[in-house]
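One-letter residues, chain by chain:
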Amino acid sequence: MSGPAKQQTEDTSVTPVGYGYCAWHSGYSRGVRLVQLADEGSGHGSRGHFACTSCRQAYDLVPLADQPL
Ligand SMILES: [Zn+2]
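To start, this report covers the structure provided alongside it. (Residues numbered from 1 in each chain as written. Predicted model: local features only at pLDDT ≥ 70, side-chain atom pairs only at ≥ 80, totals over all residues.)

## Quick look at the overall build of the protein chain
So, step 1. Scanning the protein chain from N- to C-terminus turns up 1 helix and 3 strands.
So, step 2. In the protein chain, the succession of α and β elements from N to C terminus is β-β-β-α.
So, step 3. Out of the 69 residues in the protein chain, the part that is buried amounts to 13%.
So, step 4. Pairs at least 24 apart in sequence give 41% of the contacts found in the protein chain among residues at least 6 apart. (Helix = DSSP H or I, 4+ residues; strand = E, 2+ residues; numbered from the N terminus. Buried ≥ 20, exposed ≤ 12 C-beta atoms within 10 Å, placed from the backbone. Contact = placed C-beta atoms within 7 Å.)

## Examining the pairing of strand β1 (residues 18-22)
So, step 1. Pairing of β1 with strand β2 (residues 27-35) involves 5 bridges; the strand directions are antiparallel. Following the sheet pairing, C22 is matched in β2 by G27.
So, step 2. As consecutive antiparallel partners, β1 and β2 are separated by 4 residues, and within that stretch S26 has a phi angle of approximately 55°, a positive value. (Pairing = 2+ DSSP bridges.)

## Observations concerning the pairing of β2
So, step 1. With 3 bridges connecting them, β2 and strand β3 (residues 49-51) associate as antiparallel partners. Bridge pairing links R33 to A51 in β3.

## Re unusual backbone geometry
So, step 1. Residues other than glycine seldom take positive phi values, yet S26 does so here, at roughly 55°.
So, step 2. Using a count of 7 C-beta atoms within 10 Å as the deciding quantity, one classes S26 as exposed.

## Quick look at the sheet that holds β2
So, step 1. Read across the open sheet, the 3 strands follow the order β1-β2-β3; overall the sheet is antiparallel. Edge positions in the open sheet fall to β1 and β3, since each of these has one partner strand only. The sheet shows a mean angle of 75° between the axes of neighbouring strands, taken without regard to direction. (Axes fitted to C-alpha atoms, helices over the stretch in contact; angles between N-to-C directions.)

So far we have only geometry, and geometry alone does not tell us how the molecule works.
See below:
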């Protein structure tokens, strides 16, 4: 009594959430997301940095994937 092995396709979220470096508190954290900096012209190539969840809430940052285009 053994059915056919069902192949399960992992339907994970397309949102890249993982462990990474948060540029706001200068440390590694879980759940970092790529955030687009609003201010341009600082000349430091700050086109995009990763921010963790708490820093996004603290600084009101919106991840790139959540920004309306
Ligand atoms: Zn952070």
